[in-house]
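Architecture at a glance
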Amino acid sequence: MTAPLRPQPRPGVLDIAAYVPGKSTAPGVAKVFKLSSNESPLGASPKAIAAYRHCAQHLEDYPDGSATELREAIGRTYGLDPDRIVCGAGSDDILNLLARAYLADGDEAIHTTHGFLVYPIATLGAGAKPVVAAEKNFTADIDAMIKAVTPKTKIVFLANPNNPTGTYVPFDEVKRLHRALPPHVLLVLDAAYAEYVTKNDYESGIELVATSENVVMCRTFSKIHGLAALRLGWLYGPAHVVDALNRIRGPFNVNAPAIAAGAASLADTAHLEKARAHNEKWLGWLTDEISKLGLKVTPSVGNFLLIHFPETPGKTAADADRLLTSKGCVLRAVKAYHLPNALRMSVGTEEANRLVVKTLAEFMSK
Ligand SMILES: *Cc1c(COP(=O)(O)O)cnc(C)c1O
């Protein structure tokens, strides 16, 4: 074998289709409503913004590398041991750390058909193989996930609720999945949208993590907390997983303004409640109004909804996207999620929500 003439990435890296974030512009439109990245229409808590600003006075200092203030605030909020929390630069960071810590060449990691794209990217980046478990009705199918397990499986990723479908799996089903997994397989519960879910049979996974050695739960400050720009997420896991992640994470992977703003945001329960109430009201309204137009909407428990379009030329998702964009409504095309004829819409401000419905009504009546 001849040596390569230039540096070569590890196998898998060049198989990655780089993550394409939701677009944020609508050329030529004065007022743009970005509804493509599930950001909070209410923005961050004023207390979080004040904490962030305060940090500007000491940008010369490294942050606390163990994010103690934040881990303690999370611990207080959720009744968790701060020693079993790892913070990251977004839950992206955490998901990649999990892949790096638990996957090696030839290993497999399972995710579902329309699962969050960071899972296959993190898996391939670690040199392992993403294995897709088919969904049913745009919902994770626990039986298919169990069937996908092989002797090579090391991680099972489950977004609950899932993005971009908005569907969720009742917690009894998650427990059934966990019971079927060999003890050396890590179950990663990604609960990025947990705060929005109002169903009685839903749980984010805290109790399962507390009583197992092979389950972790990931959370984010990017969604209901409205702090996506700061990149902040966290994991609750067994002590041995926390230990492994702390060995490989960047020593200062979470920046000081993120630590301060995150802790302040957790304390502002009134702001969080407002965001939750806004979402509940408008998610229901949007689902009803868009369904009434004759479009299929997948029932969502998150802060976004998946709208399916007819195959008829002139009436497809791409056609709708063009009209919506021309009015300043920027939704998310989800082709990369194997949903070629759907758009994902984040719940926006009242003004944005009404404009989308009005535009879709115009679109359907043409
Ligand atoms: C938005 C989202 C996250 C959060 O990502 P961050 O890196 O924390 O911004 C995680 N998982 C899913 C399924 C998401 O949709």
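Residues numbered from 1 in each chain as written. Predicted model: local features only at pLDDT ≥ 70, side-chain atom pairs only at ≥ 80, totals over all residues. Heavy atoms only, no water.

We now examine the pattern of salt bridges. In total, this model carries 15 salt bridges according to the counting rule given. For Lys136, the salt bridge identified is with Asp141, shortest N-O distance 3.8 Å. The salt bridge involving Glu273 is made with Arg276; its shortest N-O contact spans 3.0 Å. Of this pair, Glu273 and Arg276 both sit in helix 10 (residues 269–292), three residues apart, roughly one helical turn. Overall, Glu273 belongs to the partly exposed group, its relative accessible area being 42%. Overlapping salt bridges, with partners in common, bring together Asp143, Glu173 and Arg176 in one network. (Salt bridge = Lys/Arg side-chain N within 4 Å of Asp/Glu carboxyl O. Helix = DSSP H or I, 4+ residues; strand = E, 2+ residues; numbered from the N terminus. Buried < 20%, exposed > 50% of the residue type's maximum accessible area, 1.4 Å probe, protein only.)

Now for a negative patch on the surface. A surface patch of like charges, here negative, comprises Asp64, Glu69, Glu72, Asp81 and Asp83. With respect to the helices and strands, Glu69 occurs in helix 2 (residues 68–78). Its relative accessible area of 45% is what places Glu69 among the partly exposed residues. (Patch = residues over 30% accessible without salt bridge, like charges linked within 9 Å, V, L, I, M, F, W, Y side chains within 5 Å. Areas by Shrake-Rupley, 256 points an atom, 1.4 Å probe, with all protein chains shown as cover. Lys, Arg positive; Asp, Glu negative; His and termini not counted. Charge placed at Lys NZ, Arg CZ, Asp CG, Glu CD.)

Turning our eyes to something else, we now look at the side chain of Ser40. Relative to the helices and strands, Ser40 is located in the loop between strand 1 (33–34) and helix 1 (46–55). According to the relative accessible area criterion, Ser40 is buried, its value standing at 13%. Those residues in contact with Ser40 that sit more than four places away from it in its chain are Lys223, Ile224 and Gly226. (Contact = heavy atoms within 4.5 Å.)

Those residues of helix 6 (residues 171–180) not exposed but buried are Phe171, Val174, Leu177 and His178. Angular distribution of buried residues about the axis of helix 6 spans 110°; they occupy a single face of the element. The exposed residues of helix 6 that point more than 90 degrees off its buried face are Asp172 and Arg179. Check the buried side of helix 6 and you find it contacts helix 5 (142–147), strand 7 (153–159), strand 8 (186–190), helix 7 (206–210) and strand 9 (215–220). (Arc of directions from axis to C-beta.)

If you walk across this open sheet you meet the four strands as 11-12-15-14, and the pairing is antiparallel. In this open sheet, the two edge strands, each paired with only one partner strand, are strand 11 (296–298) and strand 14 (332–333). Inspection of the sheet shows strand 14 paired to strand 15 (residues 342–346) by two bridges, in the antiparallel sense. Counted as the bridge partner of Ala333 is Leu343 from strand 15. (Pairing = 2+ DSSP bridges.)

Every residue close to the ligand is listed here: Gly90, Ser91, Asp92, Phe116, Asn163, Asp190, Ala192, Tyr193, Thr220, Ser222, Lys223 and Arg231. Separating an oxygen atom of the ligand from a backbone N or O atom of Asp92 is a distance of 3.0 Å. The side chain of Ser222 places a nitrogen or oxygen atom 2.6 Å from an oxygen atom of the ligand. Summarising the interface, the protein chains cover 93% of the accessible area of the ligand, which totals 390 Å² for the free molecule. With three residues, the top contributor of residues to the shell around the ligand is helix 3 (residues 90–102). Among the residues forming the shell around the ligand, the class breakdown is three nonpolar, five polar and four charged. (Near = heavy atom within 4 Å. Polar contact = N/O pair within 3.5 Å; in protein donor to acceptor, adjacent residues only side chain to side chain. Nonpolar A, V, L, I, M, F, W, Y, C, P; charged D, E, K, R; others polar.)

For helix 11 (residues 317–326), a buried count of seven out of 10 residues is recorded, marking the element as mostly surrounded by other parts of the structure. Those residues of helix 11 that fall on the buried side of the exposure criterion are Ala317, Asp319, Ala320, Asp321, Leu323, Leu324 and Thr325. Summarising the contacts, the buried residues of helix 11 are in contact with strand 13 (329–330), strand 14, strand 15 and helix 12 (350–365).

One pair of aromatic rings is described through two measures. These are the centre distance and the angle between the planes. The full count for this structure, using the stated rule, is nine aromatic pairs. Their ring planes at 0° and their centres at 4.7 Å tell us that Tyr119 and Phe157 sit as a pair that is stacked. Taken together, the residues Tyr119 in helix 4 (residues 118–125) and Phe157 in strand 7 connect sequence positions 38 residues apart. Relative accessible area serves as the criterion here: at 2%, Tyr119 is assigned to the buried category. Pairing Phe309 with Phe363 gives two aromatic rings, centres 6.1 Å apart and planes at 75°, and the pair type is edge-to-face. Remark: Phe363 occurs in helix 12 and Phe309 occurs in the loop between strand 12 (304–308) and helix 11; sequence separation between them is 54 residues. Summarising the burial analysis for this pair, Phe309 and Phe363 share the class buried. These aromatic residues form a ring-pair network of at least three members: Tyr19, Phe116, Tyr119 and Phe157. Lying over the aromatic face of Phe363, Lys315 brings its terminal NZ or CZ to 5.4 Å of the ring centre. (Phe/Tyr/Trp six-rings, centres within 6.5 Å; stacked < 30°, edge-to-face > 60°. Lys NZ or Arg CZ within 6 Å of the ring centre and 35° of its normal.)

Let us look at the domain arrangement of the protein. Domain assignment breaks the protein into domain 1 (20–43 + 270–365) and domain 2 (46–267). For domain 1 and domain 2, the distance between their C-alpha centroids amounts to 26 Å. On the side of domain 2, 28 residues touch domain 1, which itself brings 26 residues to the contact. Of all residues in domain 1, Leu272, Val301 and Tyr337 give up the largest surface area on contact with domain 2, accounting jointly for 32% of the area buried on that side. Across the contact surface, domain 1 and domain 2 share zero salt bridges. Summed over the shared surface of domain 1 and domain 2, the number is six residue pairs in polar contact (both at pLDDT 80 or more). Counted by class, the side of domain 1 that touches domain 2 contains 10 nonpolar, 12 polar and four charged residues. (Domains from an automatic or database assignment. Buried area = accessible area lost by both parts, 1.4 Å probe.)

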